[in-house]
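Working through the structure, step by step
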Amino acid sequence: MAEEAEAGRRGGLDGQAVLLVAGLADLAVSAVGSALSTVRGALRRSDAAELAAEAERDLVARGRLVLDRFAGVPPAHLEILARQTMARQASDGV
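These figures come from a predicted structure and were not determined experimentally. (Residues numbered from 1 in each chain as written. Predicted model: local features only at pLDDT ≥ 70, side-chain atom pairs only at ≥ 80, totals over all residues. Heavy atoms only, no water.)

**Some points on the overall build of the chain**
Applied cut-off: Every helix listed is a DSSP run of H or I at least four residues long, and every strand listed is a run of E at least two residues long, numbered separately from the N terminus. Categorising residues by exposure relies on relative accessible area from a 1.4 Å probe, with only protein chains included: less than 20% of the type maximum marks a residue as buried, more than 50% marks it as exposed, and the intermediate range marks it as partly exposed. In this description, accessible areas are obtained by the Shrake-Rupley approach with a 1.4 Å probe, and a residue is regarded as covered only by the protein chains that are shown.
Helix and strand counts for the chain stand at three helices and zero strands. Listed by position from the N terminus, the elements making up the chain come as α-α-α. Counting all 94 residues of the chain, 0% fall into the buried class. Here the chain has roughly 8,500 Å² of accessible surface; of this, 63% comes from carbon and sulfur atoms.

If you want it as structure tokens, here you go:
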């Protein structure tokens, strides 16, 4: 009896995994189809070059935001100057 329950659970998990993969595949196909129809619509427009330039500017701005978010915060300008002054004073023996 316990073996049958274990086999049922494994089959249930396998079936659930198959359903999950099928759902993800359907979502990907619909997203690609939607993206293609958007691209087709954009190509039909007379201002496609302007749209492409605007999209490039938006992507560059997004890239800067992402890098700024994950990059360390640079030290303040006055902090850098103070460190340089202290290093000069230490090397001059003052």
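So much for the structure itself; the text now carries on.
**Details of helix H2 (residues 48-70)**
This is how the line gets drawn: Helix span is expected to be 1.5 Å times the residue number reduced by one.
With 23 residues, H2 extends 33 Å from end C-alpha to end C-alpha; this agrees with the ideal 33 Å at 1.5 Å per step. With zero of its 23 residues buried, H2 lies for the most part at the surface.

**Concerning helix H3 (residues 77-92)**
In an α-helix, one full turn covers 3.6 residues, which means residues spaced three or four apart are oriented alike. The end-to-end C-alpha separation of H3 is 23 Å, in line with the 22 Å expected for 16 residues at 1.5 Å each. The buried fraction of H3 is low, at zero of 16 residues. Phi for Gly93, located one or two positions after H3, is positive at around 80°.

**With respect to a nonpolar patch on the surface**
Just so we agree on the cut-off: Excluding any residue in a salt bridge, patches collect residues exceeding 30% relative accessible area, merging like charges within 9 Å and nonpolar Val, Leu, Ile, Met, Phe, Trp and Tyr side chains within 5 Å. Basic side-chain nitrogens of Lys or Arg form a salt bridge, by our definition, when they fall within 4 Å of a carboxyl oxygen of Asp or Glu.
Residues Leu20, Leu24 and Leu27 make up a contiguous nonpolar surface patch of about 330 Å² in total accessible area. Considering the arrangement of structural elements, one finds Leu24 in helix H1 (residues 2-44). Leu24 sits in the exposed class, given a relative accessible area of 52%.

**Topic: the confidence of the model for the chain**
Test applied: Scored from 0 to 100, pLDDT reflects the predictor's confidence in each residue.
Per-residue confidence for the chain gives a mean pLDDT of 81, with 87% of residues at or over 70. Taken element by element, the predicted model of the chain shows its lowest mean pLDDT in H1 (78) and its highest in H3 (90).

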